[in-house]
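# Structural characterization, general
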Amino acid sequence: MLVLTARIESSAPDRRELSQALLAWAAAVRREPGTLVAQVYEDIEAPAAFCLMAEWTSRQAMEAHLRGPEFGAVLGALELLARPPQLSIIQVGDAVGSDALRTIRSLRSGAQVVREQDT
């Protein structure tokens, strides 16, 4: 699974236009093959700041999205930004659900991480 996150800040007067573009992006991405999740969040502590988060089943699905028209529309909306966006793409490993929580607890306690399939 691949996860894209982006923090996007616009100027206050452009907030509405940017939020509409981001919501349209999320709705379109959710219909694409290989998309697991596409969400838009607004930062309640910073006016006109948004976070995008999307997950894909494979690198091919993500790359198809990045080449497609929906992401092109987001790139056009980036012209409204007060600052350059902060983007990250990560590949999520084996630890999901309760395994991820067990891994986090083990890391916090300093214990060695042991996954169920390893036992």
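Fair warning: this is a prediction, and the values are worked out from it, not measured in the lab.

The next subject is the pattern of salt bridges. Counting across every chain of the model gives five salt bridges. When the shortest N-O distance is used, the salt bridge between aspartate 43 and arginine 7 registers 3.1 Å. Within this pair, whereas aspartate 43 is found in the loop between strand E2 (35-42) and strand E3 (49-56), its partner arginine 7 is found in strand E1 (residues 2-9), the two being separated by 36 residues in sequence. Overall, the relative accessible area of 24% leaves aspartate 43 in the partly exposed class. On the accessibility criterion, arginine 7 (25% relative accessible area) is partly exposed. With a closest N to O distance of 4.0 Å, arginine 59 and glutamate 63 form a salt bridge. Here the residue arginine 59 and the residue glutamate 63 both occupy positions in helix H2 (residues 59-67), the gap between them amounting to four residues, near one helical turn. Under the relative-accessibility criterion, arginine 59 is labelled partly exposed at 42%. Through salt bridges with shared partners, a single network forms among Arg7, Glu9, Asp43 and Arg83.

With that out of the way, let us pick up the confidence of the model for the protein. Averaged over every residue, the pLDDT of the protein is 81; residues scoring 70 or more account for 80%. Looking across the protein, the model is least confident in helix H4 (residues 98-109), with a mean pLDDT of 68, and most confident in E2, with 95.

Attention now goes to the environment of glycine 68. Relative to the assigned elements, glycine 68 resides in the loop between H2 and helix H3 (69-77). In this structure glycine 68 comes out as buried when scored by relative accessible area, which is 18%. Separated by 39 residues in the primary sequence, glycine 68 and valine 29 place their C-alpha atoms 9.9 Å from one another.

A few words now on the sheet that holds E1. Reading across from one edge, E2-E3-E1-E4 is the order of the four strands in this open sheet, with antiparallel pairing throughout. Of all the strands in the sheet, just E2 and strand E4 (86-91) have a single pairing partner and so form its edges. Ignoring which end each strand starts from, the neighbouring axes of this sheet average 10° apart. Two elements, E1 and E3, share eight bridges in a ladder whose sense is antiparallel. Each bridged residue has a counterpart across the sheet, and for arginine 7 the counterpart in E3 is cysteine 51. Where helix H1 (residues 15-30) meets the sheet, it contacts E1, E2 and E3, and its direction lies at approximately 165° from that of E2. Of the strands in this sheet, E1, E3 and E4 are in contact with H2, which crosses E3 at around 135°.

The rules behind the values
- Residues numbered from 1 in each chain as written.
- Predicted model: local features only at pLDDT ≥ 70, side-chain atom pairs only at ≥ 80, totals over all residues.
- Heavy atoms only, no water.
- Salt bridge = Lys/Arg side-chain N within 4 Å of Asp/Glu carboxyl O.
- Helix = DSSP H or I, 4+ residues; strand = E, 2+ residues; numbered from the N terminus.
- Buried < 20%, exposed > 50% of the residue type's maximum accessible area, 1.4 Å probe, protein only.
- pLDDT = per-residue confidence, 0-100.
- Pairing = 2+ DSSP bridges.
- Axes fitted to C-alpha atoms, helices over the stretch in contact; angles between N-to-C directions.
- Contact = heavy atoms within 4.5 Å.

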